[in-house]
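Geometric and topological summary
Residue strings, one per chain:
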Amino acid sequence: AAVKACIREIKKSITTIDWTEADLTLENCATTNFDLKITHQLESEWHKLKPKTKQLISDLRQLRTLFHYLLQYDCIAFWRLINNIQKMGVSSRTPSMWLTTPAADRLFKVAKERIYKIVDGSRPTRGNGNDSGYAVRGGKRPPNNANVRNPVKKLVPILEENPKWRLLHQVLSEI
């Protein structure tokens, strides 16, 4: 969805190139050096382009690179990479448009879930004194026999395996 949004904006902002539907497909943008083709076509007019248009072309390059890194990097390295991209985008003079899309939010969420999840680690405990996890206010304590939930959450590591190793294992098992 982020690539489609970038393509749509590029179509609007660059009217000097005649785009065919075959040129601006998601598959074409992800598999070929689409951003380089656009850059070469606009080379004579590059200095006339608005910063937003140049940023859109850079965004396509970045998204295409992320497609490749998703297969090459492990889950932690990929998460670290996209977090750095997000931090750089926030401090940039012309922020990346794709970072503001719902698809980017989903990318960040799923990348984090490939590493760890935060689950509710509460179990009912007997409320005897102050060990229930709640502060005692005004001298009132929960009744000694009351079941009270401990509001502590747990971090559960997931650490998804590297996709290229999974594919290699699949190929070797077929042989």
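The present account deals with the structure reproduced in this document. Values in this document were obtained by computation on a predicted structure and should not be read as measured data. Numbering of residues begins from 1 in every chain and follows the order in which that chain's sequence is written. For a predicted model such as this one, the threshold for reporting local features is a pLDDT of at least 70, and the threshold for listing and counting side-chain atom pairs is 80 or more; totals across whole chains, interfaces and linings nevertheless cover every residue. No hydrogens and no water enter the side-chain calculation; it runs on all heavy atoms of the structure.

What about empty space enclosed by the protein?
A cavity, in this analysis, means grid points on a 1 Å lattice covering only the protein atoms where a 1.4 Å probe fits yet has no way out; a pocket is instead an open set bounded by protein on both sides within 12 Å along at least five of seven lines, and a residue lines either one if it has an atom within 4 Å of a point. Grid points are joined across faces, edges and corners, and a volume is the space filled by probe spheres set on the points. Throughout the structure, instances matching the rule amount to one cavity of 30 Å³ or more. Its volume calculated, the largest cavity comes out at about 40 Å³. Around the largest cavity sit V3, C29, F34, D35, L60, L63, R64 and F67, which together line it. Looking at the lining of the largest cavity, the elements that each hand over two or more residues are helix 3 (34–41) and helix 4 (51–72). Of the residues assigned to the lining of the largest cavity, the class counts are six nonpolar, no polar and two charged. Helix numbering and strand numbering both begin at the N terminus, where a helix is a DSSP run of H or I of at least 4 residues and a strand a DSSP run of E of at least 2. Residue type decides the class: Asp, Glu, Lys and Arg count as charged, Ala, Val, Leu, Ile, Met, Phe, Trp, Tyr, Cys and Pro as nonpolar, and the leftover types, Gly among them, as polar.

Side note on the packing of helix 5 (residues 75–91) against helix 6 (residues 102–113)
To obtain an axis, a line is fitted to C-alpha atoms, over the contacting stretch when the element is a helix, and the angle between two such axes runs from 0 to 180 degrees between their N-to-C directions. Between helix 5 and helix 6, the least distance of the axes is 9 Å, while the angle of their chain directions is 150°. Relative to helix 6, the element helix 5 lies roughly antiparallel. Handedness of the helix 5/helix 6 crossing: left-handed. Contact residues: F78, W79, I82 and Q86 in helix 5; L107, F108, A111 and K112 in helix 6. Partitioned by chemical class, the residues of the contact of helix 5 with helix 6 number six nonpolar, one polar and one charged. Any angle from 65 to 115 degrees is called roughly perpendicular, while one under 35 is roughly parallel, one over 145 is roughly antiparallel, and all others are oblique. Each crossing gets its hand from how the near helix is turned against the far one by less than a right angle, where anticlockwise is left-handed and clockwise is right-handed. Any pair of residues with heavy atoms lying within 4.5 Å of one another is described as a contacting pair.

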